[in-house]
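Architecture at a glance
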Amino acid sequence: MKASGGTGAGKPCERERSLAIALAFCLVDVLLMGGAAFHSNSLTILSDFLKELGDTTAVLAAFITLRAVRRAPSHRFTYGIGKLENLVSMSIVVLMTGAAVVIAVQAFYHLKHPVEPHGTVPGIVIFSVYAVIGFAISLRNRHLLKSQHSPIIASQARLWFAKASFDALMALTLIVEIVFRDQVWSQHLDPLASFVGVAFMLHSAWAIATESVGDLLDVALGETMQIRILRCLAECFDDYDLLHKIRTRRSGSRLYVELFLGFDPQMSMKDVNERIDRIRRSVADAMPGADVTVTPANPTPLPE
Amino acid sequence: MQITHRQEGDFVVVSPEGRLDAPASHQLEEAINNLLADASSSIVFHCVEVSYASSATLRVFLATAKRAKTRGVRCRFAELTKPLQELFEMSGFIGVLDVHETLESALS
């Protein structure tokens, strides 16, 4: 016999809106940066254009995934497809790593063969404007994360922070290059700044990968959540006889809590059901968005 | 992490020491299972040397208290360290579990 309840996937519309804004920004970014790359001979701007293409693909995939995840569990995927969020996060990791490698290769080339870039003013303007917008989107995602957990939103917040930092650095570098264009050393600024951008991207990719792999392998919920569950079990101390096991995991933004409890074998089914319902509601109230299952486990034989 | 135990009258005094993290909680649970094989023993957790306890350890404490109550024996906790006291308060164990300030009080 099992009893479950307390569903709820957070605020999917708000999350979808956040991704839609990011996607619109990405598409405009690709178009404008493509124009700037065409106007300039700067390989830095060209490599950024390629990076933007990768980012846009990642955000588009995340947006489509989130819409797919929102659908009710089907007969085939009875637990829903929350793990798809983690898979998409991993694909973002791969794209970010690939973009970082491309930028690093470009940076080495520029260090070896310095060139004086020209036609970079449109690029500077675009980098500056996007740095401001990127920081704003990152802050918005971090604000959303305070009220609901989502691997996609977490990865997006990191992605946009890395992107905005990179844009700001590129703008600053290109400005310094123009100001000191008569100095040979200024031609090395582009590739050096690119390495900082690469470090930002790899750090973000690592953080996203660590979290997503944990969720994919069904790592137990963190200590704060575990203590919330224990608090509920303490509050319902007289409703069960034995505490056998607590099993938890996360699938996308959804939390799963399984409690294996022992009940008096002499108790009627009606009484056991009432107690299970009380415990289940207590945990579900303490952990919004959690799917709580209470399983009456076989009582351990008592010694005579 | 180290667990020692001794008999004090009707009670078995269990004294865990150090960090009671998730692996240590398994060790503690096994030790408790062996001790509770004797149905007549009440149990006192003497926690004066506990520097840290994970949620897994708290679960062992709660499960042991529940098991003792079902069997009609006593399960008490004595001399909680400050970190453990805070965890007991956060998890709502204070007021539900039988917590004593001194070991003497727990054994009385």
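Calculation notes
Every chain's residues receive numbers from 1 upward, in the order its sequence appears when written. Chains carry letters from A onward and ligands carry numbers from 1 onward, assigned in written order. For this predicted model, a pLDDT threshold of at least 70 governs which residues receive local features, and a threshold of 80 or more governs which side-chain atom pairs are given and counted, while totals over whole chains, interfaces and linings are taken from all residues. Segments assigned H or I by DSSP are reported as helices when at least four residues long, segments assigned E as strands when at least two residues long, and all are numbered from the N terminus. Exposure in this text rests on C-beta crowding, where 20 or more other C-beta atoms within 10 Å of a residue's own make it buried, 12 or fewer make it exposed, and counts in between make it partly exposed. The C-beta atoms are placed from the backbone. Contact criterion: two residues are in contact if their C-beta atoms, reconstructed from the backbone, are within 7 Å. Defined on buried residues, the nonpolar core groups Ala, Val, Leu, Ile, Met, Phe, Trp, Tyr and Cys residues joined through C-beta atoms within 7 Å. Each helix should span, by expectation, one fewer than its residue count multiplied by 1.5 Å. Pairing between two strands requires that DSSP report at least two bridges joining them. Here the term right-handed applies to a crossover when the path leading from its first strand over the helix to its second strand runs clockwise, the strands being oriented away from the viewer.

Things to note about the overall build of chain A
Counting its secondary structure elements, chain A contains 8 helices and 4 strands. For chain A, the α and β elements follow one another from N to C terminus as β-α-α-α-α-α-α-α-β-β-α-β. By residue count, 43% of the 304 residues in chain A fall in the buried class. Here the analysis covers contacts within chain A between residues at least 6 apart in sequence; of these, 78% occur between residues at least 24 apart.

Some words on the overall build of chain B
Assigned secondary structure in chain B consists of 4 helices and 6 strands. Counting from the amino terminus, helix and strand elements in chain B follow one another as β-β-α-β-β-α-β-α-β-α. Looking at chain B as a whole, 37% of its 108 residues are labelled buried. Sequence separation of 24 or more characterises 68% of the internal contacts of chain B that already satisfy a separation of 6 or more.

Some details on the nonpolar core
Val 257, Ile 279 and Val 283 of chain A together with Leu 62 of chain B are the most contacted members of the largest nonpolar core, which totals 50 residues. Per-element accounting of this core gives the leading share, 6 residues, to helix 2 (residues 55–71) of chain B. Aside from chain neighbours lying at most four places away, what touches Leu 62 of chain B is Leu 230, Leu 233, Ala 234 and Leu 243 of chain A together with Phe 93 of chain B. The next biggest cluster of nonpolar side chains, apart from the first, holds 49 residues, and it includes Ala 37, Ile 92, Val 93 and Ala 107 of chain A.

Some remarks on the environment of Cys 75 of chain B
Residues and elements named next belong to chain B. You can see Cys 75 is positioned in strand 5 (residues 75–78). Separated by 11 residues in the primary sequence, Cys 75 and Thr 64 have C-alpha atoms spaced 7.4 Å apart. Residue contacts for Cys 75: discarding those within four places in its chain leaves Ser 42, Ile 43, Thr 64, Ala 65, Ala 68 and Asp 98.

Some points on the environment of Ile 229 of chain A
Residues and elements named next belong to chain A. Note on placement: Ile 229 falls in helix 7 (residues 223–235). A residue is classified by how many C-beta atoms lie within 10 Å of it, and Ile 229, with 23 of them, is buried. A C-alpha to C-alpha distance of 8.8 Å links Ile 229 and Ser 282, two positions 53 residues apart in sequence.

Focus: unusual backbone geometry
The residue Asp 218 of chain A is not glycine, and still its phi comes out positive at about 60 degrees. For Asp 218 of chain A, the location among the structural elements is in the loop between helix 6 (189–216) and helix 7. The partly exposed category is assigned to Asp 218 of chain A, around which 13 C-beta atoms lie within 10 Å. In the Ramachandran plot, Glu 79 of chain B falls in the positive-phi region, its phi being about 50 degrees despite a non-glycine side chain. Relative to the assigned elements, Glu 79 of chain B resides in the loop between strand 5 and helix 3 (82–90).

Quick look at helix 4 (residues 121–147) of chain A
Given 3.6 residues to a turn, an α-helix orients residues that are three or four positions apart in the same direction. The first and last C-alpha atoms of helix 4 of chain A sit 40 Å apart over 27 residues, in line with the 39 Å expected at 1.5 Å per residue. Along helix 4 of chain A, the positions that sit buried rather than exposed are Gly 123, Ile 124, Ile 126, Phe 127, Tyr 130, Ala 131, Gly 134, Ile 137, Ser 138, Asn 141 and Leu 144 of chain A.

Section: the environment of Leu 192 of chain A
One can find Leu 192 of chain A in helix 6. As a C-alpha pair, Leu 192 of chain A and Phe 108 of chain A span 84 residues in sequence and 8.9 Å in three-dimensional space.

Topic: the pairing of strand 5 of chain B
Residue and element names in this part refer to chain B. By the alternation rule, side chains of strand 5 split into Cys 75 and Phe 77 and Arg 76 and Ala 78, which are all buried. Sheet topology places strand 3 (residues 42–46) next to strand 5; 4 bridges connect them, and they run parallel. Across the sheet, residue Phe 45 finds its bridge partner in strand 5, namely Phe 77. Two strands pair when backbone bridges link them, and strand 5 and strand 6 (residues 98–100) are joined in this way by 3 bridges, in the parallel orientation. Following the sheet pairing, Phe 77 is matched in strand 6 by Val 99. Chirality of the crossover, the property in question, places the unit of strand 5, helix 3 and strand 6 among those that are right-handed.

These values are about where atoms sit, not about what they do.
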